[in-house]
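# A closer look at the structure
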Amino acid sequence: MLSAEIDLSGRRVVITGGGQGVGRGLALAFGAAGAEVLVNDLRAERSRAVVDEISARGGAAVSVPFDVTDYGSVTEALTASEPVDILINNAGNAGAEGFAGRGRFAETEPADWESFLRVNLYGVLHCTRAVLPGMVFNEWGRILTIVSDAGRTGDPGGAVYGASKAGAAGLTRSVALENGRFGITANNISLGTMRTPLTEPLWAEQADSPQAKAILANYAIRRPGVPDDLTYLAVMLASDHGSWITGQTICVNGGYSLTL
Ligand SMILES: NC(=O)c1ccc[n+]([C@@H]2O[C@H](COP(=O)([O-])OP(=O)(O)OC[C@H]3O[C@@H](n4cnc5c(N)ncnc54)[C@H](O)[C@@H]3O)[C@@H](O)[C@H]2O)c1
């Protein structure tokens, strides 16, 4: 039956990189839906601030700072107490300088690739591996991985970022196939260009620049996305209403590159 609200009370969700941007938006949404939110971030002050926001709104949240690239810290944090019901792999690295840090693949060196792969691929491997046994035991679980159209369509200037996101998206499909019989779903949400702290300099200072206009020219809806553009979808996929949706990559991208 259709009801206006989705109730996730009794569910524990961990959101990696939940301290700002998309992750913060997801953390607030899951808190509002009644889940107990484990807000992860590399930067503890960020995850604590989001926990305070959720608590101020009457939700339940706890800060779990760890580095998703460190498997030991991930397993310690995610297997220490009750199993996690919902994992949102959101922590990402798009390059230290965001849009400014882009370059042609042929001009990069192996040392440039590591930070993308470690956060965007290994981070997802680590967190997914850590939570799966508990989900299998409970015969219920939801895994959502935030990927990027850079990995779906290709991204001149962001090849390694795109490759790392495509790798994570591929993992989702295998995890979905292996674990559907345990009541576990795994899906990707593929984002187009968002307005978050990562990209804020572009939109705040250069919204009328040729670069910003060129980016938006590829979008049917000519604005960058905001976290609330995906929060309802994420909460639905993570609920019982999402139990027959698995292995999918769902685009939340304002109609970016519709012909692809
Ligand atoms: N912003 C965009 O335009 C855009 C587009 C497509 C996809 N995405 C993806 O969406 C996700 C969120 O993006 P955002 O714009 O909110 O990013 P952001 O950089 O604003 O926030 C990411 C958060 O992750 C944390 N983090 C980084 N590395 C970490 C690690 N090793 N361990 C734990 N936490 C870590 C950061 O401290 C930060 O708080 C990312 O996976 C990103 O690749 C973003």
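It should be noted that the structure appears before, not after, this text.
Below: a short report on this structure. (Residues numbered from 1 in each chain as written. Predicted model: local features only at pLDDT ≥ 70, side-chain atom pairs only at ≥ 80, totals over all residues. Heavy atoms only, no water.)

Our next topic: the site of the ligand. In the vicinity of the ligand, 29 residues are found, and the nearest of them are Asp 41, Asn 90, Tyr 161, Lys 165 and Thr 196. Between the ligand and the protein, one listed contact pairs an oxygen atom with a backbone N or O atom of Val 22 at 2.8 Å. Within the contact set of the ligand, an oxygen atom lies 2.7 Å away from a backbone nitrogen or oxygen of Asn 90. Summarising the interface, the protein chains cover 93% of the accessible area of the ligand, which totals 830 Å² for the free molecule. In terms of residue count, the dominant contributor to the shell around the ligand is strand β5 (residues 141–148) (3 residues). Residue composition of the shell around the ligand, grouped by class: 12 nonpolar, 12 polar and 5 charged. (Near = heavy atom within 4 Å. Polar contact = N/O pair within 3.5 Å; in protein donor to acceptor, adjacent residues only side chain to side chain. Areas by Shrake-Rupley, 256 points an atom, 1.4 Å probe, with all protein chains shown as cover. Helix = DSSP H or I, 4+ residues; strand = E, 2+ residues; numbered from the N terminus. Nonpolar A, V, L, I, M, F, W, Y, C, P; charged D, E, K, R; others polar.)

Residues Leu 26, Phe 30, Ile 88 and Leu 230 are the most contacted members of the largest nonpolar core, which totals 30 residues. Only β1 (12–15), α1 (21–32), β2 (36–39), α2 (44–56), β4 (86–89), β5, β6 (184–191) and α9 (228–237) provide two or more residues apiece to this core. Of all the elements, α1 adds the most residues to this core, at 6 residues. Beyond its immediate chain neighbours, meaning those up to four positions away, Ile 88 contacts Val 13, Val 14, Ile 15, Thr 16, Leu 26, Phe 30, Leu 144 and Ile 146. Counting 21 residues, the second-largest nonpolar core is a separate cluster that includes Leu 78, Val 119, Ala 176 and Ala 186. (Core = buried A, V, L, I, M, F, W, Y, C linked by side-chain atoms within 4.5 Å. Buried < 20%, exposed > 50% of the residue type's maximum accessible area, 1.4 Å probe, protein only. Contact = heavy atoms within 4.5 Å.)

We now examine the side chain of Thr 185. Relative to the helices and strands, Thr 185 resides in strand β6. Residues contacting Thr 185, with those up to four places away along its chain left out, are Gly 141, Arg 142, Ile 143, Leu 237, Gly 242, Ser 243, Ile 245 and Thr 246.

Pairing between the strands of a sheet is mediated by backbone hydrogen bonds and can be parallel or antiparallel. Overall, parallel pairing links the 7 strands, which are arranged β3-β2-β1-β4-β5-β6-β7 in an open sheet. Looking at the sheet topology across the chains shown, the edges are occupied by β3 (60–63) and β7 (249–252). Taking the axes of each pair of neighbouring strands and ignoring which way they run, one obtains an average angle of 20 degrees across the sheet. For β6 and β7, the ladder comprises 4 bridges, and the chain directions are parallel. The residue of β7 that forms the bridge with Leu 191 is Val 252. Across the sheet, α9 touches β5, β6 and β7, and the angle it forms with β6 is around 170 degrees. (Pairing = 2+ DSSP bridges. Axes fitted to C-alpha atoms, helices over the stretch in contact; angles between N-to-C directions.)

Moving on: the packing of helix α4 (residues 110–138) against helix α6 (residues 159–179). It is at 8 Å that the axes of α4 and α6 come closest, and there the two elements cross at 15 degrees. Here α6 runs roughly parallel to α4, going by the angle between their axes. Seen along the crossing, α4 lies across α6 with a hand that is right-handed. Each of Trp 113, Phe 116, Leu 117, Asn 120, Leu 121, Val 124, Leu 125, Thr 128, Leu 132 and Val 136 in α4 lies in contact with α6, whose residues at this interface are Val 160, Tyr 161, Ser 164, Lys 165, Gly 167, Ala 168, Leu 171, Val 175 and Asn 179. Classifying every residue of the contact of α4 with α6 by side-chain character gives 13 nonpolar, 5 polar and 1 charged. (Parallel < 35°, antiparallel > 145°, perpendicular 65-115°, else oblique. Left-handed = near helix turned anticlockwise from the far one by under 90°.)

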